[in-house]
Amino acid sequence: MAVAEDVCTETTGATALGVPAASAMAVSTAAQEVGLKRGEFAIAVHLGLIRLMVPRDGGRPMVGRDEIERLRSQDGFPEALRERVRTVGTAEGARRLGISPDRFTRFARAGCLTPITFYLNRYRAIVWLYLADELTGFAAREPQLLTGRSPGWLRDRLEGGADCRAGNWRSRRVERLLSLTEDPWARVAVLADTLDPVQLAEVVDDPYERAYVARLRPEPAFGPTGPVWARETMAHLMRADEPDELLWRRVNLIMELDNAREVRPAPRPGGDRRAIPSPGSERAPAPDPRADADADADARSRSRSRSGPESDLVPGVPSSVPPSPCPGPGPVHAPTGAAEPVVGLLARIGLRRRTSRETNRRQSPPRRATFGE
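Residues numbered from 1 in each chain as written. Predicted model: local features only at pLDDT ≥ 70, side-chain atom pairs only at ≥ 80, totals over all residues. Heavy atoms only, no water.

Enquirer: Quick rundown of the packing of helix H10 (residues 184-192) against helix H14 (residues 243-263)? Include the residues and the values.
Expert: The interhelical angle for the contact between H10 and H14, taken along N-to-C directions, is 155 degrees, at an axis separation of 8 Å. Compared by their axis directions, H10 and H14 come out roughly antiparallel. Between H10 and H14 lies a crossing of left-handed hand. Of the residues in H14, those touching H10 at Pro184, Trp185, Arg187, Val188, Leu191 and Ala192 are Asn252, Leu253, Glu256, Leu257, Asn259, Ala260, Arg261 and Val263. Residues that form the contact of H10 with H14 fall into these classes: 9 nonpolar, 2 polar and 3 charged. (Axes fitted to C-alpha atoms, helices over the stretch in contact; angles between N-to-C directions. Helix = DSSP H or I, 4+ residues; strand = E, 2+ residues; numbered from the N terminus. Parallel < 35°, antiparallel > 145°, perpendicular 65-115°, else oblique. Left-handed = near helix turned anticlockwise from the far one by under 90°. Contact = heavy atoms within 4.5 Å. Nonpolar A, V, L, I, M, F, W, Y, C, P; charged D, E, K, R; others polar.)

Enquirer: Can you lay out the packing of aromatic side chains for me, pointing to particular residues and giving the numbers?
Expert: Under the criterion given, the structure shown has 6 aromatic pairs. Grouping aromatic residues by their ring pairs yields a cluster made of Phe118, Trp128 and Trp169. (Phe/Tyr/Trp six-rings, centres within 6.5 Å; stacked < 30°, edge-to-face > 60°.)

Enquirer: Any details on the nonpolar core? Residues and values, ideally.
Expert: Formed by 48 residues in total, the largest nonpolar core has its most connected members in Phe104, Phe107, Leu113, Trp185 and Leu253. Setting aside residues no more than four positions away along its own chain, Phe104 makes contact with Gly89, Thr90, Gly93, Ala94, Leu97, Ile99, Leu113, Tyr130 and Leu135. Membership of the second largest hydrophobic core comes to 20 residues, among which are Ala44, Ile50, Val63 and Ile116. (Core = buried A, V, L, I, M, F, W, Y, C linked by side-chain atoms within 4.5 Å. Buried < 20%, exposed > 50% of the residue type's maximum accessible area, 1.4 Å probe, protein only.)

Enquirer: Explain helix H7 (residues 132-141) to me, using residue names and the numbers behind them.
Expert: For H7, every residue scored as buried is listed here: Ala132, Leu135 and Phe138. For H7, the angular spread of buried residues about the axis comes to 115 degrees, placing them on one side. Summarising the geometry of H7, the exposed residues directed more than 90 degrees from the buried face are Ala140 and Arg141. Contacts from the buried residues of H7 go to strand E6 (87-88), helix H5 (90-97), helix H6 (101-110) and strand E8 (126-131). (Arc of directions from axis to C-beta.)

See below:
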């Protein structure tokens, strides 16, 4: 039994409206109206060819009837729309490019070709699929790669064991979801999916914030379909697994998290009853002067009670030192708010902790560090 990936129909960034029943339809009905299969409709939503609407009171996303009419009015409908979302596997893709399936796979593993989706075959193996239009464009851009001996950079990459298919698919999906929303906490939720629970807890150390982010994670438009093991495979593929990508995702998540905290705090149960603005609002709640006074008093108390030489403090990185450039699978999404200071950023991605231990070993006898051990 093959299980297709329907999860690329996330509703992050979809228009939140009060949708009258007479002016909208379920996504399954919309797929039939435009003559697309379930997987083709999912890809069309992922590529931004079809817009979804989310009712204000929650529930499954829907497709407006005016959106269906817009699609029907396009030239060449429905064949043109179906051709734009057409996918091919390795064998058919190789035939389109006029190369062997083995060479096609080498191109994909080296990162020359980016999958758009996948399915799991009867053996639960991942079968990657590619947009037919993109393969045509690749053949037009890189004709020299299709004939003769492979270039040295490609051979070196493959000899090093590179397989960029999952990473490229993940980056493509994350970039698309981030482009669909301006809500800061929704952007945090998208990036949170790329880290495993342990690493996520290191970056988002507040459990209430993690719970809020979990509620905002994108959901499939068709609902949670497929067996549990298929959903587990999808969750595994969404998580970064290379050291460089892990660092890149953590940096992006930290920056988006700091921006989200400045725009509005995550809702908390119980005593914290400060008003939470709507997701589209950029205004943060007014600070509580009593809380600020209590925080200042606690800080003064800790300062008076602190003992020991100044060298017991964990050394930091001077703020005048700019962060070194970090190569990664995609660009850093700089938030609109103030950026995290360099020292705090390094500490939270795990670099300052390692530097602290090395410095303490060189400068002082072993002792229990006050932070970072």
